[in-house]
Amino acid sequence: MILSKSSRGQTVAGQSPESWLCKNFNVDKQQDWPVASILLQHEKKEIEVGESYWLRVDPVHLRIENNHMLLGDNQILNIPLKEAVALADSINTFFSDDGVTVLPLYPDRWYLKCNQIPELQTALLSEAVGKNINYLLPQGKDGAVWNSRINEIQMLFYDHPVNRDREMRGELAINSVWIWGGGTRPAKVHASCAKVWSNHELACALAEMGRIENQVLPKDANRVQEQMGVSGEQLIILDSLRKYACYRDAYEWRNELVEMEEKWFSPLLQMLRKKQIQELRLTVTNENSTRDFILTPSMLWKFWAAVRPVETYRYL
């Protein structure tokens, strides 16, 4: 991708994939970004989400390193659904008098309905993976209650048969949960794009809510062109680098970037040269900054703009 020939938008604050998607689909932030309620209605339509407050309560692995507590998600846990159900059943039995019921709809995506809206602010799971969570724990008037519940769940999981079996197989223990994405489902969402190409669960859910056509991300950009169908703005979500960035896996991150260049950026550049697309906007976001790079066919004639290594753009 010839980023040196692009026009560059102003650098703004860093964003997670979830917060960027919510903003682009015009979802208002409540105490949290209401990811749980949006996703739940998409994933399990027979559940009446209504105007209730829902939280994600996802299984994680916590590891003590020096004076830090680092968090790992299902990428390193590979949780079978059977184990998820067994652990969630233990939580539900233990908290039966508190009216807390966890729904383990997927091995790594659990949901919880709150009878009353708590005063609670949480950090997105994507913001916590691979990080020191000491400063990312639930905040707000009810934060202490939920942190106490998390501690009780950790004790419950400590000697759980599921974890004993996992440790015997040499696998990491599921020793905690991460609560996040609380809120009530927005009445409607909308975005400027005509079609969404993505495997990201939230992007698919938002597209469905906004009645925007959504298609599974194909193997490369050429297949997008072949299957484009509708005219208008196409939103393509390429988020495969993030899983390597979270765990500081520079080798696989670089390999993935090379593959993205071959399968996505180079074909898109060729389409731009042929004027098969009129504008290409690349939005790059991470925990530190968000930046737009915009290319049109006429910009490709900037012979004075020297091509620069992609890594130099991290400082812009």
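Counting secondary structure elements, the protein chain contains 11 helices and 12 strands. The C-alpha radius of gyration of the protein chain comes to 21 Å, within 12% of the 20 Å expected for a compact globule of 316 residues. Within the protein chain, the fraction of its 316 residues that count as buried is 47%. Summarising the internal contacts of the protein chain: among those between residues at least 6 apart in sequence, 68% fall at separations of at least 24. By element, 51% of the accessible surface of the protein chain is carried by carbon and sulfur atoms, the whole surface being about 17,100 Å². A gap of 8 Å separates the mean positions of the 36 positive and 40 negative side-chain charges of the protein chain.

Now for the nonpolar core. Core analysis: the largest hydrophobic core is formed by 38 residues, its most contacted members being Leu21, Phe25, Leu71, Trp178, Val196, Leu202 and Leu206. Of all elements in the fold, only α1 (17-24), α2 (35-43), β3 (53-65), α5 (125-128), β7 (176-183) and α8 (201-209) reach the threshold of two or more residues within this core. When residues in this core are grouped by element, the largest group, 6 residues, is from α8. Ignoring anything within four residues of it in the chain, the contact list for Leu71 reads Val60, His61, Leu62, Leu125, Ala128, Val129, Gly130, Lys131, Ile133 and Trp178. Core analysis: the second largest hydrophobic core is formed by 24 residues, Ile91, Trp110, Phe157 and Val162 among them.

What follows deals with the pairing of strand β11 (residues 280-285). The sheet contact formed by β11 and strand β12 (residues 289-295) spans 6 bridges and is antiparallel. Residue pairing in the sheet places Thr285 in a bridge with Thr290 of β12. Between β11 and β12, which pair antiparallel one after the other, the connecting turn spans 3 residues.

Looking now at the environment of Met209. Mapped onto the elements of the fold, Met209 is located in helix α8. Spatially, the C-alpha atom of Met209 lies 9.4 Å from that of Pro186, the residues being 23 residues apart in sequence. Residues contacting Met209, with those up to four places away along its chain left out, are Ile38, Arg185, Pro186, Lys188 and Val189.

This part covers the confidence of the model for the protein chain. Confidence along the protein chain averages 89 in pLDDT terms, with 94% of residues attaining 70 or more. Taking the mean pLDDT of every element in the protein chain, the minimum, 76, falls on strand β1 (residues 7-8) and the maximum, 97, on β7.

So, on to helix α4 (residues 81-94). Since there are 3.6 residues in each turn of an α-helix, residues three or four apart along the chain are aligned in direction. With 14 residues, α4 should reach 20 Å at 1.5 Å per residue; the first-to-last C-alpha distance of 20 Å fits that figure. Considered for burial, the residues of α4 that qualify are Glu83, Ala84, Leu87, Ala88, Ser90, Ile91 and Asn92. In this structure, the buried residues of α4 make contact with β5 (102-106), β6 (109-114), α6 (143-158), α7 (161-168) and β7.

With that settled, consider the sheet that holds strand β9 (residues 213-215). Within the open sheet, the 3 strands sit side by side as β9-β8-β10. Their pairing is parallel. Taken across any chain shown, the strands that pair with only one partner, and hence form the sheet edges, are β9 and β10 (234-236). Here the average twist between neighbouring strands, direction ignored, is 20°. Relative to β10, strand β8 (residues 195-197) is paired through 3 bridges, and the arrangement is parallel. The partner of Val196 across the bridge, within β10, is Leu235.

Where α2 meets α8, the closest approach of the two axes is 9 Å, and the angle between their N-to-C directions is 75°. As far as their axial angle goes, α8 and α2 are roughly perpendicular. Facing α2, whose interface residues are Val35, Ile38, Leu39, His42 and Glu43, α8 presents Glu201, Leu202, Cys204, Ala205, Leu206, Glu208 and Met209. By residue class, the composition of the contact of α2 with α8 is 8 nonpolar, 1 polar and 3 charged.

This structure, assessed with the given rule, holds 1 aromatic pair. Between Phe94 and Phe95 the ring centres are 5.0 Å apart and the planes differ by 80°, which places this aromatic pair in the edge-to-face class. A cation sits over an aromatic face here: Arg109 above Tyr106, 4.3 Å from the ring centre. Sitting above the plane of the Trp146 ring, Arg149 keeps its charged end 4.7 Å from the centroid.

Mapped onto the secondary structure, Glu43 falls in helix α2. Polar contacts involving the side chain of Glu43 include one to the side chain of Arg109, which spans 2.6 Å. Not counting chain neighbours up to four residues away, the residues in contact with Glu43 comprise Tyr106, Arg109, Tyr111 and Glu201.

Inspection of the secondary structure assignment puts Ser289 in strand β12. For Ser289, a relative accessible area of 19% corresponds to the buried category. Once residues lying within four places of it in the same chain are set aside, the contact partners of Ser289 are Thr11, Val12, Ala13, Gly14 and Val284.

Conventions used here
Residues numbered from 1 in each chain as written. Predicted model: local features only at pLDDT ≥ 70, side-chain atom pairs only at ≥ 80, totals over all residues. Heavy atoms only, no water. Helix = DSSP H or I, 4+ residues; strand = E, 2+ residues; numbered from the N terminus. Rg over C-alpha atoms; globule rule 2.2 N^0.38 Å. Buried < 20%, exposed > 50% of the residue type's maximum accessible area, 1.4 Å probe, protein only. Contact = heavy atoms within 4.5 Å. Areas by Shrake-Rupley, 256 points an atom, 1.4 Å probe, with all protein chains shown as cover. Lys, Arg positive; Asp, Glu negative; His and termini not counted. Charge placed at Lys NZ, Arg CZ, Asp CG, Glu CD. Core = buried A, V, L, I, M, F, W, Y, C linked by side-chain atoms within 4.5 Å. Pairing = 2+ DSSP bridges. pLDDT = per-residue confidence, 0-100. Expected span 1.5 Å × (residues − 1). Axes fitted to C-alpha atoms, helices over the stretch in contact; angles between N-to-C directions. Parallel < 35°, antiparallel > 145°, perpendicular 65-115°, else oblique. Nonpolar A, V, L, I, M, F, W, Y, C, P; charged D, E, K, R; others polar. Phe/Tyr/Trp six-rings, centres within 6.5 Å; stacked < 30°, edge-to-face > 60°. Lys NZ or Arg CZ within 6 Å of the ring centre and 35° of its normal. Polar contact = N/O pair within 3.5 Å; in protein donor to acceptor, adjacent residues only side chain to side chain.

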